Amino acid sequence: MTPVPCDVDELRTLFLFEKLTDDQLTWLCERGHAELLEPGPVYTEGAPASCFYVLIEGALVMSTRVGADDVEVVRSSQRGVYAGAWHAYLGDRVPQVYKNSMRVTEPSRFFVLDADDVATVMREWFPMALHMLEGLFFGMQNTQQVVGQRERLLALGSLSAGLTHELNNPAAAAVRATSALRERVAGMRHKLGMIAAGPYERTELEVLIRLQEEAVERVAKAPALTPIEVSDREDLIGDWLDERDIGDAWDVAPIFVQAGLDVAWLDHVAGSVPAGVLDGAVRWLTYTVESEMLMREIEDSTTRISTLVTAAKQYSQMDRAPYQTVDIHELLDSTLIMLGRKIGDDVEIRRDYDRSLPAIPAYAAELNQVWTNLIDNAVAAMDHRGTLTVRTFADHDFGVVEIGDSGPGIDPAIRDRIFEPFFTTKAVGEGTGLGLDISWRIVVKKHHGDLRVTSTPGDTRFQVRLPLTPTPTATAATATDGPPEGPPASPPQSKQT
């Protein structure tokens with residue numbers, strides 16, 4: 001860089017300084033200076049912001065870091081565009097680092113002012129404007145934090161309500177089955193007393209016990225039947241029982257059908273016991289198979305409860321380190337379970353997992369928040385009716401998670417805005433417009449990955465790309481870190497860069 005004289009009259013031709021007095025322009029020339037820069041980098045994103053640059057002539061390019069790539073956000077040759085330490089007026093209330101990188105593409109001349117002098121100018125020359133800018137900056141920041149927290153609480157409330165409902169169903173089923181089992185066991189005790197007091201020979205009791213074990217084995221192998229098949233078998237068994245004068249035939253028949261017993265097996269029972277004890281044997285077997293089915297129902301219900309609790313712990317990452325190596329499929333499955341009730345029965349879920357994908361270093365709980373936002377948006381876009389596709393695969397050094405839906409797609413007119421804070425297409429009260437912004441921050445800023453979208457009618461896909469190896473900044477971060485700076489803004493409509 002080459003220092004060149006500062007010209008007050010030239011500064012006056014720049015839109016940023018055109019309303020300043022001669023004394024103010026003179027002060028700028030005394031405190032600042034002009035520089036001639038050759039093509040190449042000027043400053044780098046993340047470095048301490050020490051200087052404020054105003055383009056006098058030449059051309060510049062602004063870029064920001066997205067994952068492993070530098071993405072160009074502004075290219076300009078307009079005189080007066082500015083960049084660098086223009087947040088210096090906020091002092092130590094915000095990190096004073098360059099928010100992006102700048103390079104020049106041809107020999108360019110800038111007016112350069114130190115960051116401390118920028119802060120002095122704002123405080124002394126524009127006190128009212130300074131207060132208004134501070135209010136705008138911190139007001140927007142606070143609003144975003146409050147609304148973001150509110151959105152997280154609303155999502156948590158919705159998930160909690162869904163989880164409570166999902167837990168209540170198997171819990172209620174287990175309670176009902178336990179109550180019915182108590183009655184059946186009482187009946188078996190009564191029947192056992194009658195058998196003990198009856199005229200049963202030892203060999204007959206041994207046969208009855210063997211038939212009991214056979215019935216229990218059949219319960220475990222009971223086939224799935226269509227409603228027509230169930231009705232036909234109930235008729236056959238009911239008729240068989242009526243022909244042998246066994247009472248309550250039409251109450252017993254459905255139990256035997258559900259247990260996988262048929263007429264052929266009942267013929268086997270009739271041939272194994274004396275005719276005089278057939279009625280008692282059938283009732284004893286009825287108690288046996290019904291008790292077995294009730295115990296299986298209790299087992300299924302409690303297993304469902306255990307699965308939901310495990311999914312909730314996996315989703316919340318309870319008792320786990322914030323940054324860890326995780327199986328991405330476990331995170332996706334726990335999120336799908338947690339969102340099961342919200343997704344609904346009219347959405348078909350297709351899992352296309354690449355099981356060879358290695359474990360990924362990540363902030364697991366925060367990635368679950370990303371899956372929640374993307375899946376919730378996908379289901380809403382389909383109006384809770386369609387196909388939700390969750391796909392994983394490897395792409396060079398990245399693991400990719402793709403959330404797809406069969407909805408109408410994203411309007412091309414708004415596609416470039418969907419990651420903007422507070423932008424939403426949902427009705428008032430249904431969304432805050434921060435879901436995708438938060439997801440972008442988590443994926444790009446915290447995991448140094450990438451979040452992108454492709455959309456056509458009937459096929460919208462959000463791709464989350466995550467590094468397969470730890471990044472130094474990610475491993476150094478902590479779970480309590482606040483949200484980092486958001487995605488790059490669109491090239492401004494004003495003259496600011």
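Further up the page is the structure itself.
Computed from a prediction, not measured in an experiment: that's the story for all the values here.

Our focus in this paragraph is the overall build of the protein. Across its full length, the protein carries 14 helices and 16 strands. Look at the contacts in the protein between residues 6 or more apart in sequence, and 77% of them connect residues 24 or more apart. Per element, the accessible surface of the protein, about 26,000 Å² overall, is 54% carbon and sulfur.

One pass over the structure, following the stated rule, counts one disulfide. Here Cys6 pairs with Cys29 through a disulfide, and the sulfurs are 2.1 Å apart. Torsion about the S-S bond of the Cys6 and Cys29 cystine: about -70°, corresponding to left-handed handedness. With Cys6 in the loop between β1 (2-4) and α1 (8-12) and Cys29 in helix α2 (residues 22-31), this pair connects stretches of sequence that are 23 residues apart. Classification of Cys6 by relative accessible area gives partly exposed; the value is 26%.

Moving on, we come to the packing of aromatic side chains. We describe a pair of aromatic rings using the distance from one ring centre to the other and the angle between the two ring planes. Per the counting criterion, the structure on display carries six aromatic pairs. A centroid spacing of 5.7 Å and a plane angle of 85° characterise the contact between Phe17 and Phe111, whose relative ring orientation is edge-to-face. On the criterion of sequence distance, the pair formed by Phe17 in the loop between α1 and α2 and Phe111 in strand β9 (residues 108-114) is long-range, its members being 94 residues apart. What links up through ring pairs into an aromatic cluster is the set Tyr43, Tyr53, Tyr98 and Phe110. Over the ring of Tyr363 we find Lys446, and its NZ or CZ is 4.7 Å from the ring centre. The ring of Phe398 has Arg465 lying over it, and the distance from NZ or CZ to the ring centre is 5.2 Å.

Here the focus is the pattern of salt bridges. Across all of its chains, the model carries 20 salt bridges by this definition. The shortest N-O distance in the salt bridge between Arg12 and Asp9 comes to 3.0 Å. Of this pair, Arg12 and Asp9 both sit in helix α1, three residues apart, which is roughly one turn of the helix. Using a relative accessible area of 29% as the deciding quantity, one classes Arg12 as partly exposed. With a closest N to O distance of 3.7 Å, Arg461 and Glu402 form a salt bridge.

The next point concerns the pairing of strand β15 (residues 450-456). Looking at chain direction, β15 and strand β16 (residues 459-467) are connected through seven bridges and run antiparallel. Bridging across to β16, Thr454 finds its partner in Arg461. The loop that links β15 with its antiparallel partner β16 comprises two residues; one of these, Gly458, has a positive phi angle of about 90°.

As a further point, take the nonpolar core. If you look at the biggest cluster of nonpolar residues, it comprises 40 residues, and the most contacted ones within it are Ile328, Trp371, Ile375, Leu388, Phe462 and Val464. Broken down by secondary-structure element, the contributors of at least two residues to this core are α10 (328-338), β12 (360-363), α12 (364-381), β13 (386-395), β14 (398-405), α13 (435-446), β15 and β16. Considering every element that reaches this core, the biggest residue donor is α12, with eight residues. In this view, Ile375 contacts Thr335, Leu336, Leu339, Ile343, Leu388 and Ile403; residues no more than four positions away in its chain are not counted. Counting residues in hydrophobic clusters, the runner-up holds 37 residues, among them Leu11, Met62, Ala88 and Val112.

The next subject is the sheet that holds β13. Either a parallel or an antiparallel arrangement is found when strands of a sheet pair, and the pairing is made through backbone hydrogen bonds. Taking strand neighbours across the sheet as the criterion, the five strands line up as β11-β13-β14-β16-β15 in an open arrangement whose pairing is mixed. In this open sheet, the two edge strands, each paired with only one partner strand, are β11 (347-352) and β15. Geometrically, the sheet is characterised by an average inter-axis angle of 15° between neighbouring strands, direction not taken into account. In the sheet, β11 pairs with β13 via six bridges, with the strands oriented parallel. Its bridge partner being in β13, Val347 is matched across the sheet by Gly386. Contacts from α10 reach β11, β13, β14 and β16 within the one sheet, and its direction differs from that of β13 by about 165°.

Here we take up unusual backbone geometry. Notably, Asp245 is not glycine yet its phi reads approximately 55°, a positive angle. Looking at where Asp245 falls in the secondary structure, it is placed in the loop between α6 (227-243) and α7 (249-258). Take Asp245: its relative accessible area is 68%, and that puts it in the exposed class.

This brings us to helix α8 (residues 263-272). Within α8, burial applies to Trp265, Leu266 and Val269. Projected onto a plane normal to the axis of α8, the buried residues spread over an arc of 100° and lie on a single side. Facing away from the buried surface of α8 by more than 90 degrees, the exposed residues are Ala264 and Gly271.

A few words on the side chain of Glu402. The residue Glu402 is located in strand β14 in this model. One polar contact links Glu402 to Gln463, side chain to side chain, over a distance of 2.9 Å. Not counting the four nearest positions on each side in its chain, Glu402 is found in contact with Thr389, Val390, Arg391, Arg461, Phe462 and Gln463.

Cut-offs applied
Residues numbered from 1 in each chain as written. Predicted model: local features only at pLDDT ≥ 70, side-chain atom pairs only at ≥ 80, totals over all residues. Heavy atoms only, no water. Helix = DSSP H or I, 4+ residues; strand = E, 2+ residues; numbered from the N terminus. Contact = heavy atoms within 4.5 Å. Areas by Shrake-Rupley, 256 points an atom, 1.4 Å probe, with all protein chains shown as cover. Disulfide = S-S within 2.5 Å. Buried < 20%, exposed > 50% of the residue type's maximum accessible area, 1.4 Å probe, protein only. Phe/Tyr/Trp six-rings, centres within 6.5 Å; stacked < 30°, edge-to-face > 60°. Lys NZ or Arg CZ within 6 Å of the ring centre and 35° of its normal. Salt bridge = Lys/Arg side-chain N within 4 Å of Asp/Glu carboxyl O. Pairing = 2+ DSSP bridges. Core = buried A, V, L, I, M, F, W, Y, C linked by side-chain atoms within 4.5 Å. Axes fitted to C-alpha atoms, helices over the stretch in contact; angles between N-to-C directions. Arc of directions from axis to C-beta. Polar contact = N/O pair within 3.5 Å; in protein donor to acceptor, adjacent residues only side chain to side chain.

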